[in-house]
Amino acid sequence: MGKGRGTSKFSLLAIILLFCLYPLFSNFYWTDVAFFFGVYALLGLSLNIVLGETGLFDLGHAAFYAIGAYITAILNTLYGIPIIWLIPLSAIGAGLFAYIVTSPIIHLRGDYLCVVTIGIGEIVRLALINNPFGLTGGPNGITGVGRPSLGPFLIDSPTRFYFYVWGILVIVIICLIRLQRSRIGRAWNYLREDDIAAETSGIDVRHFKLLAFVMGAALAGVAGNIYASKLMIVSPDTFTFMESSMLFCIVMLGGLGSIPGSILGAGIITVFPEIFRIVANYRMLFFGGALVLTMIFRPGGIWPRKREALRLQVSNIDDVKGKVRGKLKAIDKSQNMKKTTSKNNSNEPNTIGNHILTTDKLTMTFGGLVAVNEFDLAVSQGKITSIIGPNGAGKTTVFNVVTGIYKPVSGRVYFEGNDITGLKPHKIAELGLARTFQNIRLFPNLTCIENVMAGLHHRMNSYVLSSIVRTESQRAEEKWALEIAMHWLEKTGLGDVHDELAKNLPYGKQKLLELARALSSSPRLLILDEPSSGLNDKETEELMVFLESLLEEQNLTILLIEHDMNVVMGISHWVVVMDMGMKIAEGTPKEIYNHPKVIEAYLGREE
Amino acid sequence: MSELLVLENVVVTYGAVQALKDVSLKLYEGQIVAVLGANGAGKSTMLKSISKIVPLQSGKIYYKGKDLSLVPAHELASLGISHVPEGRRVFSTLTVEENLNLGAYGGRERLSQKEVEAEKQWIFELFPVLLERKNQLAGTLSGGEQQMLALGRGLISKPTLLLLDEPSLGLAPILVKEIFNAIRKIHEERGVSILLVEQNAKKALAEAHYAYILETGKISIEGPSSQLANDDRVKAAYLGGSALEKKFENK
Amino acid sequence: MIILEQLLNGLTIGSFYALIALGYSMVYGVMKLINFAHGDLFALGSYLGYSLLIWGAGAASQRFGLWGGMIAALLFSFFAVGCAGVLMERVAYRPVQKSGRLPLVVSALGVSIFLQNSIMAIWGPRYQAYPASVVPTHAIHLGWLHVTIMQLFILILSFMLMLTLYYIVQKTTFGAAIRATALDREMATILGVDVRKITLFIFFLGPALGGVAGVMNGMYYRQISFVMGWNYGLKAFTATILGGIGNIPAAMLGGLLLGIVEMFGAAYISSAWKDVFTFLILIIILIFRPTGLIGEKVAEKV
């Protein structure tokens, strides 16, 4: 490993040297090409935050670029504010603009969001042409933008501009890499992979989507500033839909969420047409064809992101494993303490006093269909409660209402005595309620340990700045999260595959991983939707043992939907039977097994 | 009686899950065969593998002696195989009549317009409510009415073999009765062979000649339905009796 | 009367939008893809019609007469652009389809860039003009109402095309099969619908209608340019969303409505800001009624 690091360090050094010496061997023309390469790399990286990291279809990104360029041009030409000072102002302005325009549309998904961003892009361009308040100079734009200067050092020649943009780029890249490998970057990735799983794991999806837009826009604003000062003119015809499409292609060509990929994509977009200058009229034609071919043969991009093994902060994972084993005992001890206090609770499952979750006349309808009808549920603390019933009885809908994915038409949900009806899923998760899904919802392109860390997100505090600076507390927090996540991977028997992508695991292990993610948030109530489906007999058996052990060790309560009656009858303390949205019976497994209504619901009635 | 449908050692996998493990089954012409089992046992997958919605990992399926692996999915309808899938799947923004007409789409070469009209009339007699609602959008029908429409759509092409997936799912008892009466009529009046997947074991066993019980992708029990109707193992397969017994024995 | 004339002008532009919007909507229906290359197919149609009309110093018009020449150009464009559409699906979309939505979008953008630049490479970067001799230029007066023959021709032909398509899609069993495929591919296959055939039909007819719109657009404005595809494509696409994407009557309605809104917006609000209003309407509709004006609500299952 040390050797690999050495060669990669060496090649990095070689690349830096190459970039430094490049202007010496090149003429002004090619130095300018390299400058624009840098600008597009910035733009590509900025869109990569939105599209690549977070998976938001943004086909109007040129609007943010335009805002940055115009803020620079207007404030510089009207008030003579130095270009350098305008860098932060352009970033803030573009970020603020993004916040205002994307707030009302952030809930839109996929194609709808794509269409709205196209609309925003066009509105901005048209507004610039129409010269509102005489500020933007109309179709001709604004001329006479000044040059940036660093102190007395004026940046005017192509070579200086080259170093200027690549200097900024290096800083940006370092910041982005740090961000990518922090709580923030992971949160973005979680919601790109599966926003419902992210939300129910405790991630405020809306917040992090907006953050991605704001940060992407701010970075595009910086690119706009640099662009304006280089050309000394800004005009609306730079910021077309075509430009936004190009940025989109940069990210897709490079690979979603890949920093080197976005830079490479920018290189292709800027350098490719220059190489084909000989065939002037045909160069874009070739480019269009090349885009199609790339998507046919490399749909994931040319340089897709390889997930890091999260060793950056922790030099030796075995070291952590050792520590965790030590800690494990400590955790168990403290849990045992808690358990003894809860032991005193009555053994009667349906006594009122110790219900961790109750629903009161819960009703949910879809269109005209009543999926859940005045459903009352009481889940006893420290017990395993199962909901069973035929297909379409409304069991999963109950789970979705309880965890906040659906808002009930009427009725209330109480968790530990608090009314949680209508709270957002991430709030409910924060309160100590974790769940799994019927058809596994993992983050398929993230590693196992990253998947598990999703459950810890809401218990961490570090934000953008502390992640970029890597403050002491941020590093401590990352380490803490890594240890807890590792602990749960070990517990579920996935310790050896912590760096494997979730999608590469066999089905049974994926189910366990989802369970580990839910457990990592230290929930007090664990909701499992068909935990045994798709598992073989042996795996099912192991799962049953594991669930029962959790009850003891973690002071946990479990609510589950299960179709495998062997599991239900084997481990439940209390069984609730649903049919056609209503509770038709409840009782101990033995009572349920012989209950005539249950037999009828399952086997049907004989005439 | 000749074999209409034969499944030989069929294996189907979804990703890493084996949904069907080495399933073999036979259906003779004119029979109703029931496939029973708890949720997730692989019943629907079996029907989907016959109508080629899901690919086979291994094994063979023969229809009238013809290997179905050589037939494209959209040509099965013209061979007389009709699948009424789980969840009805009516085309919600098409009218009831358009849905029915589409049912005849695959059989348009072997059926005359007149025959289709006659079948439509028969379906309207079978389910008079469909006639009442013939110009309504299918999405506005109730669950039971949608099930009738799905059945009607599957029948209008005069199929030889009907693959029927959970026709009683989510229906009120009175409607379940009506649907099963219709199934009996379809079999008696049209002589359609039916492969019936059902959760409602008692109802299904009352109609079927022969039955298979699927448990986690494997056929665990098979036999004439009159025999299975009194078999305690059937109840155990649904309600997991074995685990319960084990547990109580342990205590 | 001015209002009536503006309505007519709006309807004329609206019918271009509607014809293009149909292609967007049909393709979206069967492939769930916003076909960004569709606007450029419209431009291609415009250029093909132009080439046919100026070929041999207007040989087509001399041989078949003014109207004969026009019909020939329209037919030529219809078939040629339709074939281009089928080719596009085969080469650029079908191989990418399995890789997911995003690569498909990029592939569509790639085709768009390719087409736009092919047009530029073949016909040159400058504006081209349909010669006055190949299209009727006179107008008729109905009382105070002033209508050009060309306008009438465009309105009649567009409405005939839309009615035909409406009939095919809404009234025939084949049309029901198209709609069924858009709703549930798998179920349509079970019923015996050959989804590949439907896809080919859609990718022929959608672009073909766009091609016809392109020729009519050239005849109406006379001036055409290789970048016209972006602009019309974007507008027509807005119209598609306005009506409700994937729904064919909705696309027609959206197109006509957009044309009228634009005309009146330009006349009574501000011609410079009219497009801004268009896009604002688009965004507002998507926020409050993402299914468009007459699109159906589709429940999202978790």
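**Quick notes on the overall build of chain C**
Of regular secondary structure, chain C possesses eleven helices and four strands. Since a compact globule built from 302 residues should have a radius of gyration of about 19 Å, the 19 Å found for chain C is in line with a globular shape. Taken along the three principal axes of its C-alpha coordinates, chain C extends 60 × 45 × 35 Å. Counting all 302 residues of chain C, 60% fall into the buried class. Long-range pairs, those at least 24 residues apart, make up 79% of the contacts in chain C with a sequence separation of at least 6. Taken as a whole, chain C presents about 11800 Å² of accessible surface, with 69% of it coming from carbon and sulfur. In chain C, 18 positive and 10 negative side-chain charges are present, and the distance between their average locations comes to 5 Å.

**With respect to the nonpolar core**
Ranked by internal contacts, the top residues of the largest apolar core, which has 263 residues, are Phe248(A), Leu526(A), Phe36(C) and Tyr93(C). Both domains that furnish three or more residues to this core are identified here as domain 1 (29-243) and domain 2 (317-603) of chain A. For Phe36(C), the contacting residues outside a window of four places in its chain are Leu59(A), Cys114(A), Ile118(A), Phe241(A), Val105(C), Ala108(C), Leu109(C) and Ser112(C). Core analysis: the second largest hydrophobic core is formed by 46 residues, Val90(B), Leu149(B), Leu205(B) and Ala208(B) among them.

**Here's the deal with empty space enclosed by the protein**
Residues and elements named next belong to chain A. Tallied over the full model, the rule gives eleven cavities of 30 Å³ or more. By volume, the largest cavity amounts to about 110 Å³. What lines the largest cavity is a set of 14 residues, and nearest its centre among them are Thr-200, Ser-201, Ala-434, Arg-435 and Ala-518. For the lining of the largest cavity, the elements supplying multiple residues, two or more each, are α8 (195-200), β10 (433-435) and α19 (507-520). Tallied by class, the residues present in the lining of the largest cavity amount to six nonpolar, five polar and three charged. There are two domains that each give the lining of the largest cavity at least three residues, and those are domain 1 (29-243) and domain 2 (317-603). Lining of the second largest cavity is provided by Thr-436, Gly-508, Lys-511, Leu-512, Glu-514, Leu-515, Leu-528, Pro-531, Leu-535 and Leu-543. For the lining of the second largest cavity, the element with the most residues is α19, which contributes five residues. Classifying every residue of the lining of the second largest cavity gives six nonpolar, two polar and two charged.

**Some words on the interface of chain A and chain C**
Contacts between the two partners involve 47 residues from chain A, matched on the other side by 42 residues from chain C. For the pairing of chain A and chain C, the buried interface totals around 3800 Å² over both sides, and the portion due to carbon and sulfur atoms is 81%. The interface formed by chain A and chain C includes one salt bridge. Between Arg101(C) and Asp111(A) there is a salt bridge; the shortest N-O distance is 2.4 Å. Counting every contact that joins chain A to chain C gives three residue pairs in polar contact (both at pLDDT 80 or more). Elements supplying a minimum of two residues to the side of chain A that touches chain C: α5 (110-129), α10 (241-254) and α12 (283-297) of chain A. A total of twelve residues in the side of chain A that touches chain C trace back to one element, the largest contributor, which is α5(A). A breakdown of the residues in the side of chain A that touches chain C according to their chemical character gives 35 nonpolar, eight polar and four charged.

**Thoughts on the environment of Val169(C)**
All names here are of chain C. Looking at the secondary structure, you find Val-169 in helix α5 (residues 149-171). Relative accessible area serves as the criterion here: at 0%, Val-169 is assigned to the buried category. The spatial distance from the C-alpha of Val-169 to the C-alpha of His-146 is 35 Å, given a sequence separation of 23 residues.

**Here we look at helix α1 (residues 43-50) of chain B**
Residue and element names in this part refer to chain B. Across the eight residues of α1, seven count as buried, placing the element largely inside the fold. Taken together, the buried positions of α1 are occupied by Lys-43, Ser-44, Thr-45, Met-46, Leu-47, Ser-49 and Ile-50. Count one or two residues on from α1 and you reach Lys-52, which has phi positive near 65 degrees.

**Describing a nonpolar patch on the surface**
Residues and elements named next belong to chain C. Together, Ile-2, Ile-3, Tyr-268, Ile-269, Phe-277, Leu-280, Ile-284 and Phe-288 make up an exposed nonpolar region whose accessible area comes to about 870 Å². Of all elements in the fold, only α1 (2-31) and α11 (274-288) reach the threshold of two or more residues within the nonpolar patch. With four residues, the top contributor of residues to the nonpolar patch is α11. Among the secondary structure elements, Ile-284 is positioned in helix α11.

**Notes on the confidence of the model for chain C**
All names here are of chain C. Residue-level pLDDT values for chain C average 89, and 97% of them are 70 or greater. Mean pLDDT across the elements of chain C ranges from a minimum in strand β2 (residues 139-142), with 82, to a maximum in helix α8 (residues 195-221), with 96. A low-confidence stretch, residues 297-302 (pLDDT under 50), is modelled with seven contacts involving residues beyond four sequence positions or located in other chains. The ipTM for the predicted assembly is 0.89, set against a pTM of 0.88.

**Focus: the packing of helix α2 (residues 28-53) of chain A against helix α6 (residues 158-180) of chain A**
Residue and element names in this part refer to chain A. Put simply, α2 and α6 touch, their axes get as near as 9 Å, and they point 20 degrees apart. Taken as axis vectors, α2 and α6 run roughly parallel relative to one another. Crossing of α2 over α6 shows left-handed handedness. Among the residues forming the contact of α2 with α6, the class breakdown is 18 nonpolar, four polar and two charged.

**Side note on the environment of Tyr50(C)**
All names here are of chain C. Mapping Tyr-50 onto the fold places it in helix α2 (residues 38-54). A residue is classified by how much of its surface remains accessible, and Tyr-50, at 9% relative accessible area, is buried. Through-space distance from the C-alpha of Tyr-50 to that of Gln-223 is 10.0 Å; in sequence the pair is 173 residues apart.

**A few points about the pairing of strand β8 (residues 193-198) of chain B**
Residue and element names in this part refer to chain B. Within β8, six of the six residues are buried, leaving the element largely enclosed by the surrounding structure. Burial of β8 is two-sided: the residues Ser-193, Leu-195 and Val-197 facing one way and the residues Ile-194, Leu-196 and Glu-198 facing the other way are all buried. As paired elements, strand β3 (residues 32-36) and β8 share five bridges and run parallel to each other. By the bridge assignment, Leu-36 is partnered in β8 with Glu-198. Relative to β8, strand β7 (residues 161-165) is paired through five bridges, and the arrangement is parallel. By the bridge assignment, Asp-165 is partnered in β8 with Val-197. The handedness of the β7 to β8 crossover, carried by helix α7 (residues 173-190), is right-handed.

**So, the sheet that holds strand β4 (residues 58-63) of chain B**
Residues and elements named next belong to chain B. Pairing is antiparallel across the open sheet formed by four strands, whose spatial order is β2-β1-β4-β5. The strands lining the two open edges of the sheet, one partner per strand, are β2 (17-28) and β5 (66-67). This element, α1, spans β1 (3-14), β2 and β4 of the sheet and lies at about 115 degrees to β1.

**A few points about unusual backbone geometry**
Residue and element names in this part refer to chain A. A positive phi angle, near 50 degrees, is found at Ser-522, a position not held by glycine. Residue position: Ser-522 is located in the loop between α19 and β11 (525-529). On the basis of relative accessibility, which here comes to 40%, the residue Ser-522 falls in the partly exposed class.

**Let's talk about the sheet that holds β7(B)**
Residue and element names in this part refer to chain B. Overall, mixed pairing links the six strands, which are arranged β6-β7-β8-β3-β9-β10 in an open sheet. Edge positions in the open sheet fall to β6 (81-84) and β10 (218-224), since each of these has one partner strand only. Strand-to-strand twist in this sheet, taken as the mean axis angle between neighbours without regard to direction, amounts to 15 degrees. In terms of strand pairing, strand β9 (residues 210-215) meets β10 through six bridges, oriented antiparallel. Among the inter-strand pairings, Tyr-210 is bridged to a residue of β10, identified as Pro-224. On the sheet, helix α6 (residues 143-155) packs against β6 and β7 and is oriented at approximately 170 degrees with respect to β6. Each of β3, β7 and β8 is contacted by α7, which is oriented at about 160 degrees to β8, the strand it contacts most.

How each quantity is defined
Residues numbered from 1 in each chain as written. Chains lettered and ligands numbered in written order. Predicted model: local features only at pLDDT ≥ 70, side-chain atom pairs only at ≥ 80, totals over all residues. Heavy atoms only, no water. Helix = DSSP H or I, 4+ residues; strand = E, 2+ residues; numbered from the N terminus. Rg over C-alpha atoms; globule rule 2.2 N^0.38 Å. Buried < 20%, exposed > 50% of the residue type's maximum accessible area, 1.4 Å probe, protein only. Contact = heavy atoms within 4.5 Å. Areas by Shrake-Rupley, 256 points an atom, 1.4 Å probe, with all protein chains shown as cover. Lys, Arg positive; Asp, Glu negative; His and termini not counted. Charge placed at Lys NZ, Arg CZ, Asp CG, Glu CD. Core = buried A, V, L, I, M, F, W, Y, C linked by side-chain atoms within 4.5 Å. Domains from an automatic or database assignment. 1 Å grid on protein atoms, 1.4 Å probe; cavity = no way out; pocket = protein on both sides within 12 Å on 5 of 7 lines; lining within 4 Å. Points joined across faces, edges and corners; volume = space filled by probe spheres on them. Nonpolar A, V, L, I, M, F, W, Y, C, P; charged D, E, K, R; others polar. Buried area = accessible area lost by both parts, 1.4 Å probe. Salt bridge = Lys/Arg side-chain N within 4 Å of Asp/Glu carboxyl O. Polar contact = N/O pair within 3.5 Å; in protein donor to acceptor, adjacent residues only side chain to side chain. Patch = residues over 30% accessible without salt bridge, like charges linked within 9 Å, V, L, I, M, F, W, Y side chains within 5 Å. pLDDT = per-residue confidence, 0-100. Axes fitted to C-alpha atoms, helices over the stretch in contact; angles between N-to-C directions. Parallel < 35°, antiparallel > 145°, perpendicular 65-115°, else oblique. Left-handed = near helix turned anticlockwise from the far one by under 90°. Pairing = 2+ DSSP bridges. Right-handed = clockwise from strand over helix to strand, strands pointing away.

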